[in-house]
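Topology and contacts: notes
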Amino acid sequence: MSRRDIYHNTVKLALQKAGWTITHDPFPLKIGNKRLSADLGAERLISAEKGTEKIVVEVKSFVGESDVKDLEQALGQYILYKQILNEIGENRDLYLAVSRPVFNSVFTVEIGQLLINNKIIKLIVFDDKNEEIVQWIPN
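This write-up is about the structure you can find in this document.

Criteria and cut-off values
- Residues numbered from 1 in each chain as written.
- Predicted model: local features only at pLDDT ≥ 70, side-chain atom pairs only at ≥ 80, totals over all residues.
- Heavy atoms only, no water.
- Core = buried A, V, L, I, M, F, W, Y, C linked by side-chain atoms within 4.5 Å.
- Buried < 20%, exposed > 50% of the residue type's maximum accessible area, 1.4 Å probe, protein only.
- Helix = DSSP H or I, 4+ residues; strand = E, 2+ residues; numbered from the N terminus.
- Contact = heavy atoms within 4.5 Å.
- Pairing = 2+ DSSP bridges.
- Axes fitted to C-alpha atoms, helices over the stretch in contact; angles between N-to-C directions.
- Salt bridge = Lys/Arg side-chain N within 4 Å of Asp/Glu carboxyl O.
- Lys, Arg positive; Asp, Glu negative; His and termini not counted.
- Polar contact = N/O pair within 3.5 Å; in protein donor to acceptor, adjacent residues only side chain to side chain.

Notes on the nonpolar core
Within the largest apolar cluster, 25 residues are counted, with the highest numbers of intra-cluster contacts made by F62, L96, F103, F107, I121 and L123. Only strand 2 (27-31), helix 2 (67-87), strand 6 (93-99), helix 3 (100-107), helix 4 (110-117) and strand 7 (123-127) provide two or more residues apiece to this core. Here the element with the most residues in this core is helix 2; it accounts for seven residues. In contact with F62, not counting residues within four places along its chain, are D67, D70, L71, A74, V98, V102, V106 and F107.

What follows is the structure, encoded as C-alpha cells:
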C-alpha cells in the first residue's frame, strides 16, 4: 500500500463533517493485472428519489520543490484514475482534494484555470485547520 498523503485524515474528516460516508479507504482500482488505489471512496444520500451520490477522492498536498511538478504528477494520476473508473464502469465522480493555500497558488492562476475552465479536473478545496470543505469545483 502506498504512503498516505499528509492531509488524508483531514480530508476524510472534512467529508464526514459534510455528510459523506466513507465507503473505501483506500479505493481499489484494478485494470488487467495492475492494482492501484485512490485515497478515498465516499457516498451520500441525495434524496429518496435520486438515490446516492458517489465519489472517489485523490488527496494531494503539493509539498514538492515545484508546484508545476506536483501539478503534473497529480494530473497524471487523476487522468489515469478517471480512465480506469470509466473502463471498469464505476459510476463515481473523481475529485482531486487540495488545501486552500494550494488552490490559491496553483488553481487561481492561468495554469490551474486552464484545467478548471476546460473541465479537465474536479476539485475539493479544504481548510486544513478547521478540517472542512470550503469549495467544490465544479459545484
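Topic: the sheet that holds strand 7
Here we have six strands laid out as an open sheet, ordered 1-4-5-6-7-8, and mixed in their pairing. The sheet is open, and its two edges are formed by strand 1 (21-24) and strand 8 (132-137), each paired on a single side. Averaged over all pairs of adjacent strands, the angle between strand axes in this sheet comes to 35°, irrespective of strand direction. In terms of strand pairing, strand 6 meets strand 7 through four bridges, oriented parallel. The partner of V98 across the bridge, within strand 7, is V125. The strands touched by helix 2 within the sheet are strand 5 (51-59) and strand 6, with strand 6 carrying the most contacts at an inclination of about 160°.

A word on the pattern of salt bridges
Using the criterion set out here, one finds nine salt bridges in the structure. The salt bridge partner of E72 is K69, with a shortest N-O separation of 3.7 Å. One end of the pair, E72, and the other, K69, are both in helix 2, three residues apart, so they sit about a helical turn from each other. Residue classification places K69 among the exposed positions, given a relative accessible area of 56%.

Regarding the pairing of strand 2
Each regular strand displays side chains that alternate between the two surfaces of the sheet. Judged from the five bridges that link them, strand 2 and strand 3 (residues 34-38) form a sheet pairing that is antiparallel. Note that in strand 3 the partner of P28 across the bridge is S37. Linking strand 2 back to strand 3 in an antiparallel pair, the connection comprises two residues, with G32 at a positive phi of about 60°.

Some words on the side chain of D5
Structurally, the position occupied by D5 is in the segment before helix 1 (8-17). One buried charged residue, D5, remains without a salt bridge, the closest side chain of opposite sign being K60 at 5.5 Å. Separated by 2.9 Å, the side chain of D5 and the backbone nitrogen of S61 make a polar contact. Filtering out sequence-adjacent residues up to four positions away, D5 remains in contact with V59, K60 and S61.

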